[in-house]
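What follows is each chain in one-letter form.
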Amino acid sequence: ADFLGGWTSPVLYARRFGHFRRGRSGIRGKLIHAESRFSQTAWSADHWLPVAPGGEHALALGIGYLLTQSGLRRTTFTSKIYDFFSAVDFPRAVKESGLDEDHLKAVADHLATAEVPLVVPGASIVQPNSVDAVLTAGALNVLLGNIGELGGVHIHSGIDTFEAARPHFVNLEQRLENAEVIMLDRVNPVHNFP
């Protein structure tokens, strides 16, 4: 996600990025950014992964696969996601990402050992698989166990856990087809659907 160049409020995110970098004594956050273009966020990152256009989904799949192989603690909460990532065709994911295996291993190692790992999804260029890329990158946060944790992902809809929130997002296309009335407030939930 190009949060420093083109998200909702680049100024707000730039201030928060400055705090992430130098706002805490003795702590410097590390940013690894994957995008097919060299954006402002890519330029500001510690490490830029020049993923192939449309390769974000494959990148997330490959990193998820490596995380499952690295000995992350498997829980009942993460079991299905763990199984999903364990079944990934890793050589294919590496090839489709446009990166080499060492890049994916370095990112997976960093996420597995980071004190507060966080994956911020956002397709760099809208592709037919962009929704899958965002969902898969979000699933990495579940795998990393940072849902509802300090510095992790928080669901602000009054729902306490990812599992409780999931039914609200599952079968969105089917729910929209069967709806008699759809009310939208400042967002188009089907913008990226084919």
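Residues numbered from 1 in each chain as written. Predicted model: local features only at pLDDT ≥ 70, side-chain atom pairs only at ≥ 80, totals over all residues. Heavy atoms only, no water.

Chemist: Could you give me a rundown of the packing of aromatic side chains, with the residues and numbers involved?
Modeler: Here a ring pair, both rings aromatic, is described through the centre-centre distance and the interplanar angle of the planes. In the structure shown here, the tally under the stated rule is six aromatic pairs. Here the aromatic residues Phe3, Tyr13, Phe17 and Phe20 are joined through ring pairs into a cluster of three or more. (Phe/Tyr/Trp six-rings, centres within 6.5 Å; stacked < 30°, edge-to-face > 60°.)

Chemist: So what's going on with helix H7 (residues 130-143)? Residues and values would help.
Modeler: Helix length check: H7, at 14 residues, gives a terminal C-alpha distance of 20 Å against a target of 20 Å (1.5 Å per residue), a fit within 8%. Gly145, located one to two residues past H7, shows a positive phi value of around 75 degrees. (Helix = DSSP H or I, 4+ residues; strand = E, 2+ residues; numbered from the N terminus. Expected span 1.5 Å × (residues − 1).)

Chemist: Help me get a handle on the side chain of Asn141, residues and values and all.
Modeler: Structurally, the position occupied by Asn141 is in helix H7. For Asn141, a relative accessible area of 2% translates into the label buried. (Buried < 20%, exposed > 50% of the residue type's maximum accessible area, 1.4 Å probe, protein only.)

Chemist: Outline the packing of helix H3 (residues 56-69) against helix H5 (residues 90-97), supporting the account with residue identities and numerical values.
Modeler: Two numbers describe how H3 lies on H5: the axes approach to 8 Å, and their chain directions differ by 145 degrees. Relative to H5, the crossing made by H3 is left-handed. Residue-level inspection shows Ala58, Leu59, Gly62, Tyr65 and Leu66 of H3 in contact with H5, the latter providing Phe90, Ala93, Glu96 and Ser97. Looking at the contact of H3 with H5, its residues break down into six nonpolar, two polar and one charged. (Axes fitted to C-alpha atoms, helices over the stretch in contact; angles between N-to-C directions. Left-handed = near helix turned anticlockwise from the far one by under 90°. Contact = heavy atoms within 4.5 Å. Nonpolar A, V, L, I, M, F, W, Y, C, P; charged D, E, K, R; others polar.)

Chemist: Could you give an account of a nonpolar patch on the surface, naming the residues involved and the relevant values?
Modeler: A grouping of Trp7, Leu118 and Val120 is seen on the molecular surface, where their side chains present a nonpolar patch of about 250 Å² in accessible area. Here Trp7 shows up in the segment before helix H1 (10-22). (Patch = residues over 30% accessible without salt bridge, like charges linked within 9 Å, V, L, I, M, F, W, Y side chains within 5 Å. Areas by Shrake-Rupley, 256 points an atom, 1.4 Å probe, with all protein chains shown as cover. Salt bridge = Lys/Arg side-chain N within 4 Å of Asp/Glu carboxyl O.)

Chemist: Can you explain the nonpolar core? Please cite residues and give values.
Modeler: Of all hydrophobic cores here, the largest spans 29 residues; its most connected members are Ile63, Leu67, Phe85 and Leu104. Elements represented by at least two residues in this core include exactly H3, helix H4 (79-86), H5, helix H6 (101-113) and H7. Per-element accounting of this core gives the leading share, six residues, to H3. Apart from the residues lying within four places of it in its own chain, the contact partners of Phe85 are Ala60, Leu61, Gly64, Tyr65, Thr68, Thr136, Ala139, Leu140 and Leu143. Ranked by size, the runner-up nonpolar core spans five residues in total, among them Phe3, Leu4, Phe17 and Ala45. (Core = buried A, V, L, I, M, F, W, Y, C linked by side-chain atoms within 4.5 Å.)

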